[in-house]
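Fold and contact review
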Amino acid sequence: MDQDRWTRFLVMNVLLVGVGFSVGTMLLPPDPLTQLLVTIAVVILAIPISYWLVYGGGLARLRGRVGN
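As the structure is a prediction and not an experimental result, all values here were calculated from the model.

It is worth spelling out the overall build of the chain at this point. When helices and strands are tallied, the chain shows 3 helices and 0 strands. Relative to the compact-globule value of 11 Å for 68 residues, the chain shows a C-alpha radius of gyration of 14 Å, a clear excess of over 25%. Projected onto its principal axes, the C-alpha coordinates of the chain cover approximately 40 × 30 × 15 Å. Every one of the 68 residues in the chain was classed for burial, and the buried ones make up 19%. Considering only intrachain contacts with a sequence separation of at least 6, the fraction spanning at least 24 residues in the chain is 62%.

Structure follows, in structure tokens:
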């Protein structure tokens, strides 16, 4: 694996998990079971999304559409 892409993958994964957990905390009730289920779902979803953004060219497509 390319070290630069691996680092971007890890950073993207941490960012997605952090944002997903924060949004889930604000929108859902403070029930511990609900928070646990949201955290598990966010982690499961963040890994393939991070992979698509870094290795699948998704980040380059987003940059192209935004204009950077």
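In this fold, serine 50 is placed in helix α2 (residues 32-55). Here the side chain of serine 50 touches asparagine 13 through a polar contact of 3.3 Å, landing on its backbone nitrogen. With residues up to four places along the chain from it excluded, the contact list for serine 50 reads Phe9, Met12, Asn13 and Leu16.

What follows deals with the packing of aromatic side chains. Enumeration over the complete set of coordinates arrives at 3 aromatic pairs. When the centroid spacing of 6.2 Å and the interplanar angle of 50° are considered together, the rings of phenylalanine 9 and tyrosine 55 count as tilted. Of this pair, phenylalanine 9 sits in helix α1 (residues 3-27) while tyrosine 55 sits in helix α2, and the two are 46 residues apart along the sequence. Judged by relative accessible area, phenylalanine 9 falls into the buried class, the value being 10%. Cluster of aromatic residues (ring-pair linked, three or more members): Trp6, Phe9, Tyr51 and Tyr55.

Moving on to the side chain of asparagine 13. Tracing the sequence through the fold places asparagine 13 in helix α1. Asparagine 13 sits in the buried class, given a relative accessible area of 14%. The contact partners of asparagine 13, leaving out residues within four places of it in the chain, are Ala46, Ile47 and Ser50.

A word on the pattern of salt bridges. Inspection of the entire model under this criterion finds 1 salt bridge. Note that aspartate 4 and arginine 8 form a salt bridge whose closest N and O atoms lie 3.5 Å from each other. Placement of both aspartate 4 and arginine 8 in helix α1 is noted, with a separation of 4 residues, approximately one turn of the helix. Residue classification places aspartate 4 among the partly exposed positions, given a relative accessible area of 47%. Judged by relative accessible area, arginine 8 falls into the partly exposed class, the value being 33%.

Cut-off values and rules
Sequence order sets the numbering: in each chain, residues are counted from 1 along the sequence as written. Restriction of local features to residues with pLDDT of at least 70 applies here, the model being predicted, together with a cutoff of 80 or more for giving and counting side-chain atom pairs; totals for whole chains, interfaces and linings are based on all residues. Derived side-chain values reflect all non-hydrogen atoms in the structure, with water molecules and hydrogen atoms excluded from consideration. Starting at the N terminus, helices and strands are each numbered in turn, a helix being any DSSP run of H or I of at least four residues and a strand any DSSP run of E of at least two. Computation of the radius of gyration draws on C-alpha atoms alone. For the globule rule, the value is 2.2 Å times the number of residues to the power 0.38. Each residue is placed in one exposure class: buried if its accessible area under a 1.4 Å probe, protein chains only, is under 20% of its type's maximum, exposed if it is over 50%, and partly exposed if it falls in between. Here a residue-residue contact requires only that any non-hydrogen atoms of the pair lie within 4.5 Å. Pairs of N or O atoms are called polar contacts if they sit within 3.5 Å, as long as, within protein, a hydrogen donor faces a hydrogen acceptor (for residues adjacent in sequence, only side-chain-to-side-chain pairs). To pair, rings of Phe, Tyr and Trp, with the six-membered ring standing in for Trp, must have centres within 6.5 Å; the planes then decide the type, stacked if under 30 degrees apart, edge-to-face if over 60, and tilted in the middle. By convention in these notes, a salt bridge is any Lys or Arg side-chain nitrogen within 4 Å of a carboxyl oxygen on Asp or Glu.

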